[in-house]
Amino acid sequence: MEHTPLETLTTCPICGGNERAPSLTVEDRSVSREAFQLTDCRACGFRFTNPRPPQADIGRYYQSADYISHTNAAASLQDRIYQLARKWALGSKHRLIRRYQPNGRVLDVGCGTGEFLAYLKSRGYLVHGVEPSIKAREQAIANHALEVVPNLEMVAHQERFKVVTLWHVLEHLPDPRAHPQEPVRVARG
Ligand SMILES: [Zn+2]
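Residues numbered from 1 in each chain as written. Predicted model: local features only at pLDDT ≥ 70, side-chain atom pairs only at ≥ 80, totals over all residues. Heavy atoms only, no water.

Take the overall build of the protein next. Helix and strand counts for the protein come out as 4 helices and 7 strands. Listed N to C, the secondary structure of the protein is β-β-β-α-α-β-α-β-α-β-β in terms of helices and strands. Sorting the 189 residues of the protein into buried and exposed places 38% on the buried side. The long-range share in the protein, meaning contacts at least 24 apart out of those at least 6 apart in sequence, stands at 50%. (Helix = DSSP H or I, 4+ residues; strand = E, 2+ residues; numbered from the N terminus. Buried < 20%, exposed > 50% of the residue type's maximum accessible area, 1.4 Å probe, protein only. Contact = heavy atoms within 4.5 Å.)

Here's what the structure looks like:
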């Protein structure tokens with residue numbers, strides 16, 4: 001992959017603190033094989049990638065064939081273990097939601113290939129998804145006939161949801177503090 005300049009954050013994305021200490025150096029083993037420096041905020045302890053790929057370039061770090069193919073028929077032992085773990089995780093997320101809302105409209109932000117929404121749909125919920133990755137979104141629509149839009153702005157303002165979920169989402173957002181302010185009120189994530 002060709003080299004692209006990384007962007008360096010001068011303040012902590014959580015608390016705005018500007019004192020940082022270098023932490024681990026880690027390798028992206030799933031896609032790019034590039035090494036990244038992690039940084040600890042001295043004020044709040046938040047650990048983040050810094051410097052990091054700019055937003056314009058972030059998409060290619062998610063282009064893993066595995067990331068998508070995990071949703072398909074089991075092949076290797078690793079895939080079978082993954083599918084078992086996912087089945088368990090879907091059930092446990094459903095139980096968590098059912099305690100508060102046994103039915104109704106659910107919005108899953110960052111719904112990926114739609115497995116979680118399909119699971120909820122099969123149990124009587126009315127489901128909607130947001131997913132920026134076009135590949136994942138197309139699979140969610142094709143495999144599960146789900147309603148999925150690319151971003152939160154495309155969810156109509158008059159829409160109301162009983163449950164909004166963000167699974168494995170916050171750690172992928174460039175500015176996690178900006179998102180809960182958006183039109184959808186987020187109660188848990
Ligand atoms: Zn901080």
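Where burial is concerned, most of strand β2 (residues 35-41) is hidden: 5 out of the 7 residues are buried. Pairing geometry for strand β1 (residues 20-27) and β2, over 6 bridges, is antiparallel. Residue pairing in the sheet places Glu27 in a bridge with Ala35 of β2. Pairing of β2 with strand β3 (residues 47-49), which is carried by 3 bridges, proceeds in the antiparallel orientation. Paired with Thr39 across the strands is Phe48, a residue of β3. The hairpin formed by β2 and β3 contains 5 residues between the paired strands, and Gly45 there has a positive phi angle of roughly 85°. (Pairing = 2+ DSSP bridges.)

Before going further, it helps to examine the environment of Val149. Mapped onto the elements of the fold, Val149 is located in strand β6 (residues 148-149). C-alpha of Val149 to C-alpha of Gly129: the two residues are 20 residues apart in sequence and 6.4 Å apart in space. Every residue in contact with Val149, bar those within four places of it in the chain, is listed here: Gly129, Val130, Glu131, Arg137, Met154 and Val155.

On to the pairing of strand β4 (residues 105-109). Regular strands have side chains that alternate between both faces of the sheet. Burial within β4 is extensive, with 4 of its 5 residues counted as buried. Of the strand pairs in this sheet, β4 and strand β5 (residues 126-130) are connected by 5 bridges, and their pairing is parallel. Bridging across to β5, Val106 finds its partner in Val127. Of the crossover connections in this fold, the one passing from β4 over helix α3 (residues 115-122) to the parallel β5 is right-handed. Pairing analysis gives 3 bridges linking β4 to strand β7 (residues 163-165), with the strands arranged parallel. Residue Asp108 lies in a different strand from β7, and its bridge partner there is Thr165. (Right-handed = clockwise from strand over helix to strand, strands pointing away.)

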